[in-house]
Amino acid sequence: QVQLVESGGGLVQAGGSLRLSCAASGRTFSSYAMGWFRQAPGKEREFVAAISWSGDSTRYGDSVKGRFTISRDNAKSTVYLQMNSLKPEDTAVYYCAAKQGLRRWVVLVRQDDYDYWGQGTQVTVSS
C-alpha cells in the first residue's frame, strides 16, 4: 500500500508556472505507475498526465500537451508535474494517483485504473 501527498499548488497569474509534487510513502514507489488528474468546480475529473514506473513512457491530456511535463525521482519517491504557460482554465484541484504491478512501459490514463489517490492540491490561475 502507498500513501500519496500532493503539494505545490497555489495562486498564479495566467502565463505563469507551478511545479506540483506528489510524495509517496513506502519502499516500493519505483514499482508504481503514476498519474495526475484534475477536477474543476462543477466538472468531472479529467486526465492530465501519466508516467510509467520506469519513467520510460509518458502520456498527456490534449489540453496540457506542450505546457505540462510529468517526471519522477524514484530515489525521492516523488512524482512531479511542471506546469508552464498556465491558463485560467487550468484552475482545479490536482490529484496524483498510483498503480502497482504493471510492465515498465505502461501508462494509465483512466482514473478507474488507479488504486491509490492523494487528497489533492488546489491550483488557481487568475486572468
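Note that residues are indexed from 1 along each chain, following the sequence as it is written. Per-residue local features are limited, in this predicted model, to residues with pLDDT of at least 70; the limit for side-chain atom pairs, both in listing and counting, is 80 or more; totals at the level of whole chains, interfaces and linings are taken over all residues. To obtain the side-chain values, all non-hydrogen atoms of the structure were included, while hydrogens and water were left out.

Visitor: I keep staring at the state of the cysteines and nothing clicks. Help me out?
Guide: What is meant by a disulfide is a covalent connection between two cysteines, made through their sulfur atoms. Disulfide assignment relies on a single distance test, namely cysteine sulfur atoms paired within 2.5 Å. Overall, the coordinates contain one disulfide when judged by the stated rule. Across a sulfur-sulfur distance of 1.9 Å, Cys-22 and Cys-96 are joined as a disulfide pair. Between Cys-22 and Cys-96 the sulfur-sulfur dihedral comes to about 50 degrees; the bridge is accordingly right-handed. Separated by 74 residues along the polypeptide, Cys-22 in strand E3 (residues 18-24) and Cys-96 in strand E9 (residues 92-100) bring together distant segments of the chain. Neither residue differs from the other here; Cys-22 and Cys-96 are each classed as buried. Numbering of helices and strands runs from the N terminus, with a helix taken as a DSSP run of H or I at least four residues long and a strand as a DSSP run of E at least two residues long. Buried residues are those whose accessible area, probed at 1.4 Å on protein chains only, stays under 20% of the maximum for their type, while exposed residues exceed 50% and partly exposed ones sit between those limits.

Visitor: I'm lost on the packing of aromatic side chains in this one. Help?
Guide: How two aromatic rings sit relative to each other is given by the distance of their centres and the angle of their planes. Stacked, tilted and edge-to-face pairs are distinguished by plane angle, under 30 degrees for stacked and over 60 for edge-to-face with tilted covering the rest, among Phe, Tyr and Trp rings (Trp via its six-membered ring) whose centres lie within 6.5 Å. Taken as a whole, this structure holds five aromatic pairs when the rule is applied. Their ring planes at 65 degrees and their centres at 6.1 Å tell us that Tyr-32 and Tyr-116 sit as a pair that is edge-to-face. With Tyr-32 in strand E4 (residues 32-39) and Tyr-116 in strand E10 (residues 116-117), the pair connects residues that are 84 residues apart, well separated along the chain. The partly exposed category is assigned to Tyr-116, whose relative accessible area is 22%. On the numbers, 5.1 Å between centres and 55 degrees between planes, the contact of Phe-37 with Trp-117 is tilted. Linking Phe-37 in strand E4 with Trp-117 in strand E10, this pair joins segments that are 80 residues apart in sequence. One Lys or Arg, Arg-45, reaches over the ring of Tyr-95 and ends 4.1 Å from the middle of that ring. In our convention, an over-ring charge means Lys NZ or Arg CZ found within 6 Å of a ring centre and within 35 degrees of that ring's normal.

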